[in-house]
Amino acid sequence: MKKLLFLIILITGTSLMFGQVNTTVKGVVINSSEGIPLESVNIVNINEVKGTTTNTRGEFEIKAKATDTLHFSYLGFKSIRVRVTNDWIKYGSSTIELTELALALEEVVVNNFKLTGFLEVDIKQVPVNTNYRYSISGLETGYEAGGTSANAVTRVLGAVFNPADFLHSMFGKQPNEMRKLKKMKQDDEIRTLLANRFDREMLVALLQVDRVDLDEIIRQCNYSKSFIETANDLQILDAISECYEEYKVLSRNRKYGKL
């Protein structure tokens, strides 16, 4: 009898374990003030690094298990995090309400361009902000110097001979969060969401770092202020990922005495 009871408990526990792994949760995202469904709301499972968006009816479905945290964000609305519960999984769909933000528009300066109607002439009037990425023969990585300034080459050389201490202080304290970088780059849905964002909020949520720390990581990885201010979230993700891969190589070489 005891053996039979133990077998039943084992089978039940195994089923629950696999059920949690393969669980998906459903829901509807609405405007809290009007009750109208919101389309194209970004939803990311922070724990599993999976993303999706709501359809035209505000509906979504995403892989998650109990205790996972979902991050909801939408332009003009306050982002929220919702914990997945057993009741949500048990009873099915849930309604998520987002609250609108009071947006104060800053003064916008519109430059007056006199267009001629000829593309070749008009295109030359458009200001171009170019960030230059330099590479040196024999090194696998490049360094973004932020334009053709007089100290661009100096910054590149300084980056080459800069020790890995700053990278260790940034990446070494949060290895679990940084391991998410690879998952984020492999998930097409996540990359699509990041490609359309410029507020760093989703990256901050996924990597569990402060906004200030995020910009500091990019700066310490030898990317210019211009790049940090103009790059979208996907470009920032790729920059951090490249820097992290460099950090792992430097750490490995240091461990085996190659530096």
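Above this note sits the structure.
Residues numbered from 1 in each chain as written. Predicted model: local features only at pLDDT ≥ 70, side-chain atom pairs only at ≥ 80, totals over all residues. Heavy atoms only, no water.

Engineer: Is there a simple way to explain the overall build of the chain in this structure?
Structural biologist: When helices and strands are counted, the chain shows 12 helices and 9 strands. Scored against the burial criterion, the 259 residues of the chain give a buried share of 35%. Contacts spanning at least 24 positions in sequence make up 56% of the contacts within the chain whose residues lie at least 6 apart. Summing over all exposed atoms, the chain offers an accessible surface of approximately 16800 Å²; the carbon and sulfur share of this is 55%. (Helix = DSSP H or I, 4+ residues; strand = E, 2+ residues; numbered from the N terminus. Buried < 20%, exposed > 50% of the residue type's maximum accessible area, 1.4 Å probe, protein only. Contact = heavy atoms within 4.5 Å. Areas by Shrake-Rupley, 256 points an atom, 1.4 Å probe, with all protein chains shown as cover.)

Engineer: Just checking my understanding: could you explain the sheet that holds strand β3 (residues 50–53) for this structure?
Structural biologist: Strands in a sheet are paired, the pairing made by backbone hydrogen bonds, and the direction either parallel or antiparallel. With antiparallel pairing, the 4 strands of this open sheet are ordered in space as β3-β2-β5-β6. The sheet terminates laterally at β3 and β6 (80–83), the two strands that pair on one side only. Adjacent strand axes in the sheet meet at a mean angle of 20 degrees when their direction is disregarded. Bridging between strand β2 (residues 42–45) and β3 involves 4 bridges; their strand directions are antiparallel. Pairing of Asn 42 across the sheet is with Thr 53, part of β3. Contacting β2 and β3, helix α8 (residues 188–195) runs over the sheet at an angle of about 60 degrees to β3. (Pairing = 2+ DSSP bridges. Axes fitted to C-alpha atoms, helices over the stretch in contact; angles between N-to-C directions.)

Engineer: Honestly, α8 in this entry has me stumped. Any pointers?
Structural biologist: Since the α-helix packs 3.6 residues into each turn, any two residues three or four apart lie on the same face. Every buried residue of α8 is accounted for by Ile 190, Leu 193 and Leu 194. Buried residues of α8, seen end-on, are gathered within an arc of 95 degrees and therefore sit on one face of the element. (Arc of directions from axis to C-beta.)

Engineer: I'm lost on helix α10 (residues 211–220) in this one. Help?
Structural biologist: Within the span of α10, buried status applies to Leu 214, Ile 217 and Ile 218. What you see down the axis of α10 is that its buried residues fit within an arc of 95 degrees, all on one side. Looking one or two places after α10, you find Asn 222, whose phi comes out positive at around 70 degrees.

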